[in-house]
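Chain and residue survey
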Amino acid sequence: MTNHKLMKNLYLQFTFLMFSVSLLGACSEDKYEKKYYNTNTQMTPEMRTKLSFFHKQEHRIEFNGCELIYNDITFKIGDDSSKIKGELGSPSTEVTSNNNRVYYWISDAIGIRENLESNTINLFLIDFKSDYFKGNEFYVLVEGIPLDKEMTMRQFVDSSHYEFDQFEFGNYSYEKPFQNCERPLVYSFYSNVRFNYIGEGHARLKGEPDLSDTSTIESLEVSYF
């Protein structure tokens, strides 16, 4: 084979390889766009950019109703913890309390609480206050909706298919129940909830939350309801 033919063959092989990689990436990004479309919300250029960035992240975390997904590995609250722990590798921190042990990864950005008697997961969390997120653009998907460390609860709800009347309100969290899971779950969006108050002094009563002025979402936890 002449040098010319050899170089031509190598060029064709390289071109085919690059085309295959590009096609694979496009298909993967399309998967996340389809998941977003399934939420009945409008795809915007901003959301398309966020989904594309999410696809390229080293750590891809999805909260998908009854299921949780880490880098395309699906697991659930109540599952044996060994599977997802094997995917995440050695934890950065471990904290034991009573019959539970919490494992943290990625500078304590991700956490799993494990029941030590059954070795099953009873809580999964992502903490946007972790040093890992400082200076980093990072998204998680909540039923296909991109969520990042700078979003307020109002911004998240407005970009999603959720309505505030689907949430229960605490002083420091918005809680979204998922009753149709094998065992009901709750998503707890930790964010300071500002309430309107009626009256003054000792007679002051807590009214409805002020949903026009919400705070940044500091963390998200999934646990049994």
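In this text the structure is predicted, and so the values were computed from the model without any measurement.

The sheet built from 8 strands is open, its strands ordered β4-β5-β6-β7-β15-β12-β11-β10 with antiparallel pairing. In this open sheet, the two edge strands, each paired with only one partner strand, are β4 (93-97) and β10 (168-169). Across 6 bridges, strand β12 (residues 185-190) lies against strand β15 (residues 219-224) in antiparallel orientation. Within β15, the position partnered with Val186 by the bridge is Ser223.

What follows deals with the side chain of Ser223. Inspection of the secondary structure assignment puts Ser223 in strand β15. In this structure Ser223 comes out as buried when scored by relative accessible area, which is 15%. Here Ser223 is in contact with Asn122, Leu123, Leu185 and Val186, once residues within four sequence places are set aside.

What follows is about the state of the cysteines. On inspection of all chains with the given rule, the structure shows 1 disulfide. The disulfide bridge from Cys66 ends at Cys181, spanning 2.1 Å between sulfur atoms. On the S-S bond that ties Cys66 to Cys181, the torsion sits near -95 degrees, and the link is left-handed. Of this pair, Cys66 sits in the loop between β1 (61-64) and β2 (67-70) while Cys181 sits in the loop between β11 (173-178) and β12, and the two are 115 residues apart along the sequence. Assessed through its relative accessible area of 27%, Cys66 is described here as partly exposed.

A complete count under the given rule lists 17 aromatic pairs for this structure. When the ring of Phe75 is compared with that of Phe124, the centres are 5.5 Å apart and the planes differ by 70 degrees; the resulting orientation is edge-to-face. Residue Phe75 is found in strand β3 (residues 73-75), and its partner Phe124 is found in strand β7 (residues 120-127); the two are separated by 49 residues along the sequence. An identical accessibility class is assigned to Phe75 and Phe124; each is buried. Cluster of aromatic residues (ring-pair linked, three or more members): Phe156, Tyr162, Phe164, Phe167, Phe169, Tyr174 and Phe189. Here the guanidinium or amino end of Arg204 rests over the ring plane of Tyr197, the centre of that ring lying 4.0 Å away.

Quick look at the pairing of β4 now. Both β4 and strand β5 (residues 100-105) contribute to a ladder of 5 bridges, which runs antiparallel. Within the sheet, the bridge partner assigned to Thr93 lies in β5 and is Tyr104. The antiparallel hairpin formed by β4 and β5 contains 2 residues in its connecting segment, where Asn98 sits at a positive phi of about 55 degrees.

Right, let's get into the sheet that holds β2. Strand order in the open sheet formed by 5 strands is β3-β2-β1-β8-β9, and the pairing between neighbours is mixed. Edge positions in the sheet fall to β3 and β9 (145-147), since each has one partner strand and no second. This sheet shows a mean twist of 25 degrees between the axes of neighbouring strands, independent of strand direction. Pairing of β1 with strand β8 (residues 140-142), which is carried by 2 bridges, proceeds in the parallel orientation. Across the sheet, Glu62 pairs through a bridge with Leu141, a residue of β8.

Criteria and thresholds
Residues numbered from 1 in each chain as written. Predicted model: local features only at pLDDT ≥ 70, side-chain atom pairs only at ≥ 80, totals over all residues. Heavy atoms only, no water. Pairing = 2+ DSSP bridges. Helix = DSSP H or I, 4+ residues; strand = E, 2+ residues; numbered from the N terminus. Buried < 20%, exposed > 50% of the residue type's maximum accessible area, 1.4 Å probe, protein only. Contact = heavy atoms within 4.5 Å. Disulfide = S-S within 2.5 Å. Phe/Tyr/Trp six-rings, centres within 6.5 Å; stacked < 30°, edge-to-face > 60°. Lys NZ or Arg CZ within 6 Å of the ring centre and 35° of its normal. Axes fitted to C-alpha atoms, helices over the stretch in contact; angles between N-to-C directions.

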